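# Structure assessment
One letter stands for each residue in the lines below.
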Amino acid sequence: MKTLINTDIKVAETFLRAGKLVAIPTETVYGLAGNAMDENAVTEIFRVKNRPTFDPLIIHTDNLEKVQKWITFFPEKAMLLAQHLWAGALTLILPKKNSIPDLVTSGLPKVAVRIPNHPVTLKLLENLDFPLAAPSANPFGYISPTSAYHVENQLKNKIPMILDGGNCQVGVESTIIDCSEETPIILRKGGIEIETIENLIGKVKIQTHSSSNPSAPGMLKSHYAPRKPLIITSNILEKIQEFTTSKVAVLSFQRTIQHSSIYENLVLSSKGDLKESARNLFAFLRQLDNSDADVIVTEFVPERSLGRAINDRLRRASQN
Ligand code: TXA
Ligand code: MG
């Protein structure tokens, strides 16, 4: 199959209506989208991604009225978040109606829902009366794609179309929250800061560490992983001196690191800006993974606002 790569929303719509898959841009990462109501399309998503079916999918749409058609109940705190933060990098876990196929939720009674904030994809979703199931458009376990080019590198000729919406402006996946209990639970740290959420609905619990429990899936310990070993250290220079190889790739937060063994050094944000760091994170990890270096050495960024999501991704990426 030859993959079309362009900005034609009408063509994307035609493929999706026919039960085919299209990679779509969002502000977080690119998604691999198919009609969530069509079990064949959903099965194809799992197949192309090589994703285990116990890891459920997020459904995407463009407005709250549509969301109401697919869920039985909207908890108050979830509604507050939806009203303030959608369209945006936030996924709500909501009780589903039977019309949402069990395949989408891996048999769970709740479905993950998001309204993404990307002009091209919002336009596409406006024209559709069904939601799009869309996991990140990367092979399962690998680094998520933040440009059409990243998707092309990995899924070329496996899907009919990549809708090109440029580079993703947030760069890490959505924050996932379940508001069905008195104290809401963050299941994945992501593009909307926990501080922003707590300002709206009060204290939340953070529960992002289960590794193989299907009731809180996708939070698999090893994820977002490059092929090369990724080592996190609090002292990059000292770490480099331990290696025998002279081909070390370095992903540093703010400063350039000087050492004769450094093959390539990318700096997430020379200004120390966490938004810029998040936007660069996956693209830089990919670039270093595709270089001739033998190992990637990195460091944590400050553990606040988007830094929490960045550090979470680094931690999981280093466990391979
Ligand atoms: O930013 C994003 O969320 C991107 C873009 C494309 O929207 N999507 C994304 O999808 O990151 P994916 O499939 O890579 O990650 C979705 C996560 C999975 O880890 C999954 O386990 C969790 O959402 N999830 C989905 N449905 C769930 C449910 N019913 N209960 C708990 N977790 C759920
Ligand atoms: Mg993913």
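This structure is a prediction, so every number in the text was calculated from the model and none was measured. Residues take numbers from 1 onward in each chain, read along the sequence in its written order. By the order in which they are written, chains take letters starting at A while ligands take numbers starting at 1. Local features are withheld for residues below a pLDDT of 70 in this predicted model, meaning they are given only at 70 or higher, and side-chain atom pairs are given and counted only at 80 or more; totals for whole chains, interfaces and linings count all residues. For side-chain calculations, the full set of non-hydrogen atoms in the structure is used, while hydrogens and water are omitted.

## Details of helix H11 (residues 306-317)
For the purposes of this entry, the term helix denotes a DSSP run of H or I that reaches at least four residues, the term strand denotes a run of E that reaches at least two, and both are numbered from the N terminus. To estimate the expected span of a helix, count its residues, drop one, and scale the result by 1.5 Å. An ideal rise of 1.5 Å per residue puts 16 Å on 12 residues; H11 measures up with 17 Å between its terminal C-alpha atoms. Under the scheme applied here, a residue whose accessible area is under 20% of the maximum for its type counts as buried, over 50% as exposed, and between as partly exposed, the area being computed with a 1.4 Å probe on protein chains only. In terms of burial, H11 is largely enclosed, as 10 of its 12 residues are buried. Among the residues of H11, those classed as buried are Leu-306, Gly-307, Ala-309, Ile-310, Asn-311, Asp-312, Arg-313, Leu-314, Arg-316 and Ala-317. By definition in these notes, contact holds between two residues if any of their heavy atoms fall within 4.5 Å. Packing partners of the buried residues in H11 comprise strand S10 (185-188), strand S12 (230-232), helix H10 (274-289) and strand S15 (295-298).

## Observations regarding the pairing of strand S6 (residues 110-114)
For S6, the tally of buried residues reaches 4 of 5 residues, placing the bulk of the element in the interior. In terms of strand pairing, strand S4 (residues 58-60) meets S6 through 3 bridges, oriented parallel. Each residue of the ladder has a partner; that of Ile-59, found in S6, is Val-113. Strands qualify as paired when DSSP identifies two bridges or more between them. Inspection of the sheet shows strand S5 (residues 90-95) paired to S6 by 4 bridges, in the antiparallel sense.

## Quick word on the nonpolar core
Nonpolar side chains in soluble globular proteins tend to be buried together. Of all hydrophobic cores here, the largest spans 47 residues; its most connected members are Phe-74, Leu-92, Ile-177 and Ile-197. Breaking this core down by element, the ones donating at least two residues are helix H2 (39-49), helix H3 (64-70), helix H4 (76-85), S5, S6, helix H7 (148-155) and helix H8 (194-201). Excluding residues within four positions of it along the chain, Ile-197 makes contact with Leu-81, Leu-85, Leu-90, Thr-175, Ile-177, Ile-186, Ile-192, Gly-202 and Val-204. Judged by nonpolar contacts, the second largest core, of 27 residues, contains Leu-266, Ala-278, Val-301 and Leu-314. Each nonpolar core is a collection of buried residues, namely Ala, Val, Leu, Ile, Met, Phe, Trp, Tyr and Cys, held together in the definition by side-chain atoms within 4.5 Å.

## Let's talk about the sheet that holds S4
Strand order across the open sheet formed by 11 strands is S1-S8-S2-S3-S7-S4-S6-S5-S9-S10-S11, with mixed pairing between neighbours. Bordering the open sheet on either side are strand S1 (4-6) and strand S11 (205-206), each of which pairs with just one other strand. An axis is simply a line fitted to the C-alpha atoms; with a helix, the fit covers only the stretch in contact. Between two such axes, the angle follows the N-to-C directions and lies from 0 to 180 degrees. Sitting on the sheet, helix H1 (residues 9-17) touches S1, strand S2 (22-24), strand S3 (31-35), strand S7 (132-133) and strand S8 (161-163), and the angle it makes with S8 is about 135°. Where H8 meets the sheet, its contacts fall on S5, strand S9 (175-178), S10 and S11, and the angle it forms with S9 comes to roughly 30°.

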